[in-house]
Amino acid sequence: MKKITKSSMMEFLRYVIVGGISSVVDMAINYTLLYFIFRATKDDTPFVIISVAAGFLMGLLVNFFLSNVFVFVTNEQQKRGKTIRAFLLSAGVGIIGLILSEILTVIGSFIIGEHEIFYLILICFVKCIVLFWNYGGRKIFVYGKIGKKSED
């Protein structure tokens, strides 16, 4: 088992900050679309799905940019992270996160009832779960050895 170092802990903490910023962008777009643009409720499943997806797309772009600037900062990570391939891998990890977000948000919406504040709490909870997937997935597939293109 790999030992957790101070630098890996700091990297994760930086990712938490970047993930938090990305999540705020994501949630703001999600909430604004659902309640102010669509004038829907959390029970209008198609609008929930569209709102979550739109928030996700903006959050993904913010996350990719900030991760390359502030989180994955070693020379090797920088080399791997600033390519179209890296963006596509990052998007793939993000799409799995989106699928988790969609499923958990729709299921959670049926459980919480008609309270808008509970919807915000729900999406915050979902974001925490997806945060761990996003960091781990990006660390392994985009910036780690698995994400490295083999050189024959």
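Cut-offs and rules
Residue indices begin from 1 for each chain and proceed along its sequence in written order. In view of the model being predicted, local features appear only for residues whose pLDDT reaches at least 70, and side-chain atom pairs are presented and counted only at 80 or more, with totals across whole chains, interfaces and linings using the full set of residues. Working from all heavy atoms in the structure, the side-chain values ignore hydrogens and water. Each axis is a line fitted through C-alpha atoms, taken for helices only over the stretch in contact, and angles between the N-to-C directions span 0 to 180 degrees. Where helices and strands are cited, they refer to DSSP runs of H or I of at least four residues and of E of at least two residues respectively, numbered from the N terminus. Comment on the angle field: the value is read as roughly parallel under 35 degrees, roughly antiparallel over 145, roughly perpendicular from 65 to 115, and oblique elsewhere. Two helices crossing with the near one rotated counterclockwise from the far one by less than a right angle form a left-handed crossing, whereas a clockwise rotation gives a right-handed crossing. The salt bridge definition used is simple: a Lys or Arg side-chain nitrogen within 4 Å of an Asp or Glu carboxyl oxygen. Only protein chains enter the accessibility calculation, which uses a 1.4 Å probe. A residue is then buried if its area is under 20% of the maximum for its type, exposed if over 50%, and partly exposed in between. We call Asp, Glu, Lys and Arg charged. Ala, Val, Leu, Ile, Met, Phe, Trp, Tyr, Cys and Pro are nonpolar, and the rest, Gly among them, are polar. Whether a set of points on the 1 Å grid over the protein atoms alone is a cavity depends on a 1.4 Å probe fitting there but being unable to get out, while an open set qualifies as a pocket with protein on both sides within 12 Å along at least five of seven lines; lining residues are those with an atom within 4 Å of a point. Grid points are joined across faces, edges and corners, and a volume is the space filled by probe spheres set on the points. The aromatic pairing rule takes the rings of Phe, Tyr and Trp, using the six-membered ring of Trp, and pairs them if the centres are within 6.5 Å, calling planes under 30 degrees apart stacked, those over 60 edge-to-face and the rest tilted.

A.B. asks: Explain the packing of helix H4 (residues 84–112) against helix H5 (residues 116–142) to me, please; I cannot follow it from the model alone.
C.D. replies: If you want to describe how two helices pack, look at the angle between their axes and the distance between the axes. Between H4 and H5, whose axes approach to 9 Å, the crossing angle comes to 155°. On the basis of the axis angle, H4 is roughly antiparallel to H5. Relative to H5, H4 is oriented so that their crossing is right-handed.

A.B. asks: Would you mind going over the pattern of salt bridges with me for this structure?
C.D. replies: A side chain of one charge can pair with a side chain of the opposite charge when the charged atoms of the two come close. Tallied over the full model, the rule gives three salt bridges. As a salt-bridge pair, lysine 127 and aspartate 26 come within 3.0 Å of each other at their nearest N and O atoms. Taken as a pair, lysine 127 in helix H5 and aspartate 26 in helix H1 (residues 6–37) lie far apart in primary sequence, 101 residues in all. As far as the burial class goes, lysine 127 and aspartate 26 line up, both buried.

A.B. asks: Would you take a moment to explain the environment of glycine 97 for this structure?
C.D. replies: Along the chain, glycine 97 falls in helix H4. Along the chain, glycine 97 and isoleucine 84 lie 13 residues apart, while their C-alpha atoms are 20 Å from each other.

A.B. asks: Looking at this structure, I do not really get the packing of H1 against H5. What am I missing?
C.D. replies: H5 packs onto H1 with a crossing angle of 140° between their chain directions and a minimal axis gap of 9 Å. In terms of axis orientation, H1 runs oblique to H5. Crossing of H1 against H5: the hand is right-handed. Partitioned by chemical class, the residues of the contact of H1 with H5 number 14 nonpolar, five polar and six charged.

A.B. asks: Can you help me understand the layout of surface pockets in this one?
C.D. replies: Empty space left among the atoms is revealed by rolling a probe the size of a water molecule over them. Of the voids in this model, the second largest pocket is the one considered here, and its volume is about 350 Å³. Every element with two or more residues in the lining of the second largest pocket is listed here: H1, helix H2 (45–71), H4 and H5. Here the lining of the second largest pocket gets eight residues from one element, more than from any other, and that element is H1. Looking at the lining of the second largest pocket residue by residue, the class counts come to 10 nonpolar, 10 polar and three charged.

A.B. asks: Where do I start with the packing of aromatic side chains in this structure?
C.D. replies: Given two aromatic rings, one states the distance between the centres and the angle between the planes to describe the pair. The final tally for this structure, using the stated rule, is 11 aromatic pairs. Measuring from ring centre to ring centre gives 5.9 Å for phenylalanine 12 and phenylalanine 132, while their planes differ by 20°; the resulting arrangement is stacked. With phenylalanine 12 in helix H1 and phenylalanine 132 in helix H5, this residue pair connects regions lying 120 residues apart in the sequence. Put simply, the rings of Phe12, Tyr15, Phe72, Phe132, Tyr135 and Tyr143 touch in pairs and so form one group of aromatic residues.

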